[in-house]
Amino acid sequence: DNASLPVIIRQSTWIIDRSTDNDAMVARFKSVYDTFKANNSTVTLGYLGVGPTPLTQLAAWNNYETEFARKDSWLRYAAQPTRVLRQYADVLYPDVTLIDDDLEFWKSDCASVFEEARLDNNAGKKIYACIGSTYYGNRSNPNCSPDAFKPIKEQTMLDALEYLYMHCDGVVIYDN
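An account of the accompanying structure is given in this report. All figures in this text were calculated on a predicted structure; none of them were measured in a lab. (Residues numbered from 1 in each chain as written. Predicted model: local features only at pLDDT ≥ 70, side-chain atom pairs only at ≥ 80, totals over all residues. Heavy atoms only, no water.)

### Here's the deal with the side chain of S112
(1) Moving on: Checked against the element boundaries, S112 lands in helix α4 (residues 103-118).
(2) Moving on: Its relative accessible area of 18% is what places S112 among the buried residues.
(3) Moving on: If near-sequence neighbours (up to four positions away) are discounted, S112 is found in contact with L55, K71 and W74. (Helix = DSSP H or I, 4+ residues; strand = E, 2+ residues; numbered from the N terminus. Buried < 20%, exposed > 50% of the residue type's maximum accessible area, 1.4 Å probe, protein only. Contact = heavy atoms within 4.5 Å.)

Take a look at the structure:
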């Protein structure tokens, strides 16, 4: 009751049924939003990865032959099905995961993530990028960075933060 700071829920598996039961996924987010707002009407609520989920993580999990294939998969199976969830968030918290030190690759993904977050944002919701403090990876992928799950190198994080501060309304750093 009566929270005073913005609340960000890390929804992780809540969106798993976006491709099997989209209505159930939407009902879950609506229920949480309505229940929270009934007791905390002046506090902002958002979900990590809603607005949208990370694109760069797909590079850690899948070896797509082309950038187009990776972005198409993300758009079709992650971004589009969860657009409806943005109505149950006061602030959009897109995830901009780092998987290695290739910031040019990451920036390209960030541009797509922010473009998606701004799509149909007629309410002018704030967009705060969420970035983990460690590199993300999939050790079963032969292309996995040897730094996966280690703290992000200081210069990489500084450069990433500089980029983010120029392209969104704020940044949330979380431990992943």
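### Thoughts on the pairing of strand β3 (residues 128-132)
(1) Moving on: Burial of β3 is extensive: 4 of the 5 residues sit out of reach of the surface.
(2) Moving on: Pairing of β3 with strand β4 (residues 170-174), which is carried by 5 bridges, proceeds in the parallel orientation. Counted as the bridge partner of Y128 is G170 from β4.
(3) Moving on: What joins β3 to β4 is helix α5 (residues 154-167), and the crossover it makes is right-handed. (Pairing = 2+ DSSP bridges. Right-handed = clockwise from strand over helix to strand, strands pointing away.)

### Quick word on helix α3 (residues 67-82)
(1) Moving on: Between its first and last C-alpha, α3 extends 21 Å over 16 residues, near the 22 Å set by a 1.5 Å rise per residue.
(2) Moving on: Along α3, the sharpest kink reaches roughly 40°, centred on L75.
(3) Moving on: Among the residues making up α3, those that are buried are R70, K71, S73, W74, A78, A79, P81 and T82.
(4) Moving on: Those residues of α3 that are buried are in contact with α1 (22-39), α2 (56-61) and α4. (Expected span 1.5 Å × (residues − 1). Bend = angle between axes of the 7 residues up to and from the residue.)

### Focus on unusual backbone geometry
(1) Moving on: In this structure, P52 follows G51 across a cis peptide bond, with omega equal to -10°.
(2) Moving on: Relative to the elements of secondary structure, P52 occurs in the loop between β2 (45-48) and α2.
(3) Moving on: In this structure, D120 is a non-glycine residue whose phi angle is positive, near 55°.
(4) Moving on: Of note in the backbone geometry, F149 takes a positive phi value of approximately 70° without being a glycine.
(5) Moving on: Within the secondary structure, F149 sits in the loop between β3 and α5.

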